[in-house]
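A closer look at the structure
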Amino acid sequence: MARIIAIANQKGGVGKTTTAINLAASLAVMEKRVLLLDCDPQSNASSGLGVDTSGLAHNLYSVFFTPEKAAEAVYKTSSPYLSIMPATTDLVGVELELVDKMGREYYLDEVIKQIQKDYEFIILDCPPSLGLLTLNSLCAARELLIPLQCEFFALEGIVKLLQTYEQVKKRLNPDLKVLGVVLTMYDIRNRLARQVKNEVRKCLPDMLMESVIPRNVRLSEAPSHGRSIIHYDVKSKGAEAYLALAKEVVLRKPAAKR
Ligand SMILES: Nc1ncnc2c1ncn2[C@@H]1O[C@H](COP(=O)(O)OP(=O)(O)OP(=O)(O)O)[C@@H](O)[C@H]1O
Ligand SMILES: [Mg+2]
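For the structure given in this document, a descriptive report is provided here. (Residues numbered from 1 in each chain as written. Chains lettered and ligands numbered in written order. Predicted model: local features only at pLDDT ≥ 70, side-chain atom pairs only at ≥ 80, totals over all residues. Heavy atoms only, no water.)

Put simply, the largest pocket is a space of about 500 Å³. Contributing to the lining of the largest pocket are 31 residues, with Gly15, Lys16, Thr17, Thr18 and Met185 lying nearest its centre. Secondary structure elements with two or more residues in the lining of the largest pocket: helix 1 (16-29), helix 2 (44-48) and helix 9 (217-221). The biggest single contributor to the lining of the largest pocket is helix 1, with five residues. (1 Å grid on protein atoms, 1.4 Å probe; cavity = no way out; pocket = protein on both sides within 12 Å on 5 of 7 lines; lining within 4 Å. Points joined across faces, edges and corners; volume = space filled by probe spheres on them. Helix = DSSP H or I, 4+ residues; strand = E, 2+ residues; numbered from the N terminus.)

See the structure below:
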């Protein structure tokens, strides 16, 4: 069965998309069959992998309400084991269109059910909100991976996200578990970053992933070349970190109590 991992944090710019793209690409070089599902109307995961959505017939929005057509919106990438279901700005409409629908939290789940047998990993890049798109992702996923940028107020944000997680788990998707918290854009010389790391370790025991993603300029350059860090600069610190994270994700099963 595919491991379905939502990468979520309602805070903007914390490294969700960078983590989604590069974790997906790293798992793919480990010859795991991976689908990167872009659940964000900003479509950064799609453009970051060089997908020009304007030239494509289908995308997540076009199959959102017709799950039986899900496979049509899956495209191959230049990496043999990595496929993508791209997003477009049309996806914004889903938040409104879902409001008065019965079972509005489970539409993405229906889409994924149609295609999950083809993959070992499905990685969902969520938008920076706790709206219906993120809720749909949390209801379709079995695991939640939380990228956390080590800055002031980082923990306040994560508390809100974990409350949402608890609610979803209780009411909507009992199978959901926290895979972990991954620190992003980490700068070891920064005292605040070290403090946040210690706080996470103390407040959220056994949630902290061992792999830490450093601040690395190659990671921020890669999307403008339409490539993952693995294909842009495999020798960079960023590539090293995401390959280590992928290995950890393969080995780490979310603990039952989480
Ligand atoms: N480890 C890193 N080192 C350097 N730059 C990074 C790193 N991770 C992310 N960035 C840069 O920080 C910015 C925000 O990252 P990203 O788009 O991944 O965040 P996000 O959480 O997906 O944002 P949004 O909430 O808007 O979807 C981008 O410009 C990205 O290139
Ligand atoms: Mg993003």
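Turning our attention to the sheet that holds strand 2 (residues 34-38). Backbone hydrogen bonds hold the strands of a sheet together, and the pairing may be parallel or antiparallel. With respect to topology, seven strands assemble into an open sheet ordered 3-4-2-5-1-6-7, the strand pairing being mixed. Looking at strand neighbours, the two that pair on one side only are strand 3 (75-76) and strand 7 (177-184), the edges of this open sheet. Bridge count for strand 3 against strand 4 (residues 82-85) is two bridges, and the pairing is antiparallel. Bridge pairing links Lys76 to Ser83 in strand 4. Strands in contact with helix 11 (residues 237-251) are strand 1 (3-7), strand 5 (121-125) and strand 7; relative to strand 1, the strand with the most contacts, it is inclined by about 130°. (Pairing = 2+ DSSP bridges. Contact = heavy atoms within 4.5 Å. Axes fitted to C-alpha atoms, helices over the stretch in contact; angles between N-to-C directions.)

Now for empty space enclosed by the protein. Counting across every chain of the model gives one cavity of 30 Å³ or more. Of the voids in this model, the largest cavity is the one considered here, and its volume is about 40 Å³. Lining the largest cavity are Asn9, Lys11, Val14, Leu148, Gln149, Glu151, Ala154 and Gly157. Among the secondary structure elements, those contributing two or more residues to the lining of the largest cavity are strand 6 (143-149) and helix 7 (154-171). Considered class by class, the residues forming the lining of the largest cavity number three nonpolar, three polar and two charged. (Nonpolar A, V, L, I, M, F, W, Y, C, P; charged D, E, K, R; others polar.)

The next subject is the pairing of strand 2. Burial within strand 2 is extensive, with five of its five residues counted as buried. Covered by surrounding structure in strand 2 are Val34, Leu36 and Asp38 together with Leu35 and Leu37, the residues of both alternating faces. Pairing between strand 2 and strand 4: four bridges, direction parallel. Paired with Leu37 across the two strands is Met85, which belongs to strand 4. (Buried < 20%, exposed > 50% of the residue type's maximum accessible area, 1.4 Å probe, protein only.)

Turning to the packing of helix 1 against helix 11, a few remarks are in order. Contact pair helix 1 / helix 11: the axes reach a minimum separation of 8 Å and the direction vectors enclose 70°. It follows that helix 1 is roughly perpendicular to helix 11 by the angle criterion. Between helix 1 and helix 11, the contacting residues are Thr18, Thr19, Asn22, Leu23, Ser26, Leu27 and Val29 on the first element and Tyr242, Leu243, Leu245, Ala246, Val249 and Val250 on the second. Here the contact of helix 1 with helix 11 is built from residues that sort into nine nonpolar, four polar and no charged. (Parallel < 35°, antiparallel > 145°, perpendicular 65-115°, else oblique.)

As a matter of local geometry, ligand 1 sits amid 18 residues, with Lys16, Thr17, Thr18, Pro214 and Asn216 nearest to it. Within the backbone of Val14, a nitrogen or oxygen atom sits 3.0 Å from an oxygen atom of ligand 1. Between an oxygen atom of ligand 1 and a main-chain N or O atom of Gly15, the distance comes to 3.0 Å. In isolation ligand 1 exposes 630 Å². Once the protein is present, 80% of that is buried. Mapping ligand 1 onto the cavity grids shows that it belongs to the largest pocket. Secondary structure elements with two or more residues in the shell around ligand 1: helix 1 and helix 9. The leading source of residues in the shell around ligand 1 is helix 1, at three residues. Looking at the shell around ligand 1, its residues break down into six nonpolar, eight polar and four charged. (Near = heavy atom within 4 Å. Polar contact = N/O pair within 3.5 Å; in protein donor to acceptor, adjacent residues only side chain to side chain. Areas by Shrake-Rupley, 256 points an atom, 1.4 Å probe, with all protein chains shown as cover. Sits in = over half its atoms within 2 Å of the grid points.)

All right, on to the nonpolar core then. Formed by 55 residues in total, the largest nonpolar core has its most connected members in Leu37, Leu60, Met85, Leu108, Ile122, Leu124 and Val181. If you tally residues by element for this core, the top one is helix 7, at seven residues. Beyond its immediate stretch of four places on either side in the chain, Leu60 contacts Leu37, Asp38, Cys39, Met85, Pro86, Leu91, Leu108 and Val111. (Core = buried A, V, L, I, M, F, W, Y, C linked by side-chain atoms within 4.5 Å.)

Counting across every chain of the model gives 11 salt bridges. Here Glu221 makes a salt bridge to Arg218, at a shortest N to O gap of 2.7 Å. Linking Glu221 with Arg218, this pair stays in helix 9, spanning three residues, or about one helical turn. On the basis of relative accessibility, which here comes to 25%, the residue Glu221 falls in the partly exposed class. For Arg218, a relative accessible area of 28% puts it in the partly exposed group. Where salt bridges share partners, they join Arg218, Glu221 and Asp233 into one cluster. (Salt bridge = Lys/Arg side-chain N within 4 Å of Asp/Glu carboxyl O.)

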